[in-house]
Amino acid sequence: MRRLLAVFLVLLCVLLGAPAGVGAAGHEVTYDRYSLKVDGRRLVLQSAEFHYFRLPSPELWRDVLEKFKAAGFNAVSIYFSWAYHSPKPGVYDFTGVRDVDRLLRTARQAGLYVIARPGPYINAESTGGGLPAWVKTVPGRARSSAPGYQAAYREWLHRINPIIARHQVTGGGPVILYNAENEYQVNTDAAYMQDIQDQARADGIDVPITTNDCCDAGSWSSTWATGPGAVQIPGVDDYPQSFECANPEVWGPWGEGLTERLRDDIPVFAAEYQAGAIDLGNAGYDKCRELTGPAYMKYFYKNNLVTTGATMFSYYMGYGGTNWGWLAQPNDVYTSYDYGAAITEARRLTPKYDEFKRQGYFLEAVAPLAKTDPATSPAAPDNPALTTTARANPDTGTQFVLVKHADRAATGTDDATLDWAAPDGRHRVPVRVKGRDAHVLVAGYDLGGQRLALSTSEIMTHALIGGRDVAVLYGTAGSPGATILRYGSRPAVKVLEGDVRASYTGGDLRLDYTHDGLARVLVTGGGRRPLLLLLGTDGTAAGFWRAETGSGPVLVRGTELVRSASAGGDTLRLAADTAGGQVEVFAGPAVRRLRIGAEDVRVARTPSGSLLGATRAPEPVRLPALTAWRSRAEAPEAAPGFDDSRWTAADHTTTISPHPPKTLPVLYADDYGYHYGNVWYRGHFTAAGSETRIDLNAVTGLRGNYLVWLNGRYLGSAAGGVQADSGDASTPPNPDPGPGHFDIPAGVLRPGTDNVISVLVANMGHNDDWIADDLRFKQPRGLVAATVGGAVGGPVGGTPISWRIQGSPGTDPLRGPLNNGGLYGERTGWHLPTYPDKSWKTASAELAPGVTWLRNAFRLDLPKGQDAPVGLRFGGDPSPAYRVQIFLNGWNVGQYGGDIGPQRDFVLPAGLLDEHGTNTIALAVTAEQAVAGPGPISLFTYGNVRQAR
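Residues numbered from 1 in each chain as written. Predicted model: local features only at pLDDT ≥ 70, side-chain atom pairs only at ≥ 80, totals over all residues. Heavy atoms only, no water.

### Observations regarding the sheet that holds strand S40 (residues 693-699)
Strand pairing in a sheet is mediated by backbone hydrogen bonds. Such pairs are either parallel or antiparallel. Spatial strand order, S43-S40-S45: three strands in an open sheet with antiparallel pairing. The strands lining the two open edges of the sheet, one partner per strand, are strand S43 (739-743) and strand S45 (782-789). Recorded for the sheet is a direction-independent mean angle of 15° between the axes of neighbouring strands. Pairing of S40 with S43, which is carried by five bridges, proceeds in the antiparallel orientation. When the sheet's bridge partners are listed, isoleucine 694 is paired in S43 with phenylalanine 742. (Pairing = 2+ DSSP bridges. Helix = DSSP H or I, 4+ residues; strand = E, 2+ residues; numbered from the N terminus. Axes fitted to C-alpha atoms, helices over the stretch in contact; angles between N-to-C directions.)

Structural data, given as structure tokens:
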């Protein structure tokens, strides 16, 4: 009975499109030196990173995860951001856009395993590395066993761990691995690492615990192989291309990118393998996508697969998303976190996605890859420009031969003949490998009901469909190919399409061809079931999609995406994205009809036995022009008569920050509970009449600034201090970060009475804590020194100043703690769609120094059943004299400006954007001087497909 139940649950998994272990109860996760195993079944783990907190639209999580699955990934790696869920100690929110229960259910429904990564520290180029800013006010070093920090991180773990625990594979959920901490270094604290694991086990985590060691095996994961702090399966992070996106011709500056085997008893785990880049040089993410494009992926990923025998891969990132609100850390990134990933920030598929699919389908289809040992290469090329490396499965003898170009910088093409001693005989076959390319060739493989002696085409996938094997093989366009199959007697060969030459000798059927378009060969007889061999190029292979149904797998080509398939009676039903044009499906002979979503597609049978039809193009999308902007200036805080009596008194004389203030009182924003976005200060002093200047220091993080007024008169602006000012173990902190010296104009000072200094400080986010150094992490934000004194070059006066501070008035219950700062308009709701702006005046082309708000409402009615992501585009040249916060229906979706980054297009994600109703755009423009405002501003679409589910 138990065995029958197990069979039923596995069949249920197949019907749901889930791998065994996802969606069925009571599964066991084990491992040996070769691979992970679920209930004893070996698994090549193919994962990519996704950050739910960078896509605050739960309706779209499903779209991205289904696209992962459709590319051949069987897992998703997910950081859980502590800062995203906790605005202050003891307060946690797991609702709405922070509903990680929903996230994990969605992953399960998509058929993906999950590598859960709750930190506590995650980095991810997010503010504070994922640590809440309030942790900066906790005594004791962060990322250590210090009692103050320990109490804080245990609180987080005991909130997030139980959620993860109830979604483990062992209980029928998707979580297959638990990642403790992130890139933790050897010179820190083993007891801390051990305690994280102890807390996880106490909270019910029973899947294997792993961690990711950056960026080679020289850190703790090899040093602490056993004993306190050691995890079960340590992995390694590899970023061989570095992050210089401005120079996409760079090739492996950080080495070959080979993930190291850390222990003999565990699989080789590429815990974070580079699949994009942060844009350090502001080159734009398209350049980052080029830097880490298909050529890089072919060479490095395949090299890692065959040379090291890795069977656990997680690529960073699969989908990057958006640093909306104040999510970003200030040093490496701007609003977009597109990352040059395979799926763009607007959820569009790229050529990188195609390469992931070619490799992912291969890993999914060819089971002997899960268990291989190094082997002496059986294939010797007669051209020294090409080299080969090999592995073999010790049980089946299947060979995997990596053929790569010896000169990684070469751009030419090299032909060779391989003298290949394959398990089924020795053969000489042609091969061509371009510079910056690598191919994984297979020999001695039971390809379904066939015996593949060898092929110089790469295998994409194969499946038993309708009683015959259907295999997709591919190679570089124009290159020669040879495939040799073993038969007991001469089979019948019918070339249905293309130029393929067949010969049969001594049990070997040899097919010779050139990779060009899509050739189709039908082989019958010879003692085996029929075979339909589809021989294509990289491009034609990318057009195939594989999906599972209750009646077995199907192949589809011609759609933009296939999410799932089901078969019933004579009809195949697809959930797919289409853009118009031919669609072809390879299904069993009983299938005679095709239905995509709710639409029947007229099809006809082809000589290949497939069904061929055509889909309709999506309806065009019409977007309104953004005209009739309304505007209103704010910053009443700069006026001397503004009532700041309800603001927080900034009167602390001590701080736990390792950065002592230069003047008292302590003015650090975090010390007063204002952690994100803009902060206002008002300093009151009684003037003697001899004061001639105001001297300030402020720390804002990279790209930050601050603006200063005296008695309502604008004095100017200055750049704030950055992470480099924080110092480290060998360099003391900068005693004068973010200096600003402001002369007091004649007639502005009011001797003998109250004078008011007003300062608006932009907090661009909090430093990461990558090296577990509080000098870096606990660097303050806001004012760090303030004096009113004498002439420039003379002695600084000591005029007492009484300070008050105001930031965000509280956490937005819908959008969370990272959405809003302390601008007057934010505090009074000018960013919200419901705010009445009819009394605002028509916007002018000129902006005065300070803060001006612009608002516009527009109505959308996008075609239903289509996916047409909408963006906001700023035309013209961005000015460094202003910065713009962009609010969509109250959501802070980005920042724009010449000093912010190269970004001009901003994604307006569905869910935040009402695709069938009225939307409001609100822009908060902070200008450092009188300047022309941003513009022209328009809406556009990133793409347009029919989306059938």
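And the narrative resumes.
### Structural notes on the side chain of serine 81
Here serine 81 is to be found in the loop between strand S5 (75-79) and helix H3 (82-85). Ignoring sequence-local partners within four residues, the contact set of serine 81 consists of Tyr52, Phe53, Ile122, Gly130 and Trp156. (Contact = heavy atoms within 4.5 Å.)

### As for the pairing of S40
With seven of seven residues buried, S40 is to be regarded as a mostly interior element. Residue alternation in S40 divides its side chains into two sets, Arg693, Asp695, Asn697 and Val699 and Ile694, Leu696 and Ala698, and both sets are buried. Of the pairings in the sheet, the one linking S40 to S45 comprises seven bridges and is antiparallel in character. When the bridges of S45 are listed, asparagine 697 appears paired with alanine 785. (Buried < 20%, exposed > 50% of the residue type's maximum accessible area, 1.4 Å probe, protein only.)

### Section: the state of the cysteines
One pass over the full model with this rule turns up one disulfide. Across the disulfide from cysteine 245 sits cysteine 288; the S-S distance is 2.1 Å. Its torsion about the S-S bond being 105°, the disulfide of cysteine 245 and cysteine 288 is classed as right-handed. Highlighted residues: cysteine 245 in the loop between strand S9 (233-238) and strand S10 (269-274) and cysteine 288 in helix H8 (residues 285-291), separated in sequence by 43 residues. Judged by relative accessible area, which is 1%, cysteine 245 ranks as buried. (Disulfide = S-S within 2.5 Å.)

### Some points on unusual backbone geometry
The amide bond that connects glycine 119 to the next residue, proline 120, takes the cis arrangement and shows omega of 15°. The topology assignment puts proline 120 in the loop between strand S6 (113-117) and helix H5 (147-165). In this structure, the amide linkage connecting tyrosine 316 to the following residue, methionine 317, adopts the cis form with an omega of 0°. Here methionine 317 shows up in strand S11 (residues 312-319). Even without a glycine there, the phi angle at tyrosine 339 is positive, about 70°. Take tyrosine 339: it is sitting in the loop between S11 and helix H10 (351-365). On the basis of relative accessibility, which here comes to 2%, the residue tyrosine 339 falls in the buried class. The backbone of asparagine 889 shows a phi angle near 50°, a positive value even though the residue is not glycine. In this structure, asparagine 889 sits in the loop between strand S52 (882-888) and strand S53 (891-896). Taking the relative accessible area as the measure of exposure, asparagine 889 reaches 11% and is therefore buried.

### Things to note about the environment of leucine 574
By secondary structure assignment, the location of leucine 574 is in strand S31 (residues 571-578). Note on leucine 574: relative accessible area 3%, which makes it buried. Considering only alpha carbons, one finds leucine 574 and leucine 862, 288 residues apart in sequence, at a separation of 23 Å. Contacts of leucine 574, omitting those with residues within four sequence positions, involve Val556, Val562, Ser564, Ala565, Val585, Leu594, Arg595, Ile596 and Gly597.

### Re the confidence of the model for the chain
Mean pLDDT over the chain works out to 94, with 95% of the residues at or above the 70 mark. Counting interchain partners and residues more than four positions distant, the pLDDT-below-50 stretch residues 1-21 has 29 contacts. Overall, residues 791-796 carries pLDDT values under 50, and its contacts beyond four positions in sequence, including any with other chains, amount to 10 contacts. (pLDDT = per-residue confidence, 0-100.)

### Re the packing of aromatic side chains
Taken as a whole and assessed by the stated rule, the structure comprises 54 aromatic pairs. Arranged with centres 6.2 Å apart and planes meeting at 10°, the rings of tryptophan 82 and tryptophan 156 form a pair that is stacked. Here tryptophan 82, found in helix H3, pairs with tryptophan 156, found in helix H5; they are 74 residues apart in sequence, far enough to count as distant. Using a relative accessible area of 0% as the deciding quantity, one classes tryptophan 156 as buried. Seen from their ring centres, tyrosine 681 and tryptophan 803 are 6.2 Å apart, and the 90° between their planes marks the pair as edge-to-face. A residue pair is termed long-range when its members are at least 10 positions apart, and tyrosine 681 in strand S39 (residues 677-686) and tryptophan 803 in strand S46 (residues 802-806) qualify at 122 residues. No difference in accessibility class separates tyrosine 681 from tryptophan 803, as the two residues are buried. Connected via pairs of aromatic rings, a cluster forms that spans Phe68, Phe73, Trp251, Tyr273, Tyr296, Tyr299, Phe300, Tyr301, Phe313, Tyr315 and Phe356. The ring of tyrosine 34 carries the charged tip of arginine 33 above its face, separated from the ring centre by 5.5 Å. Here the basic side chain of arginine 528 rests over the ring of tyrosine 487, its NZ or CZ set 6.0 Å away from the ring centre. (Phe/Tyr/Trp six-rings, centres within 6.5 Å; stacked < 30°, edge-to-face > 60°. Lys NZ or Arg CZ within 6 Å of the ring centre and 35° of its normal.)

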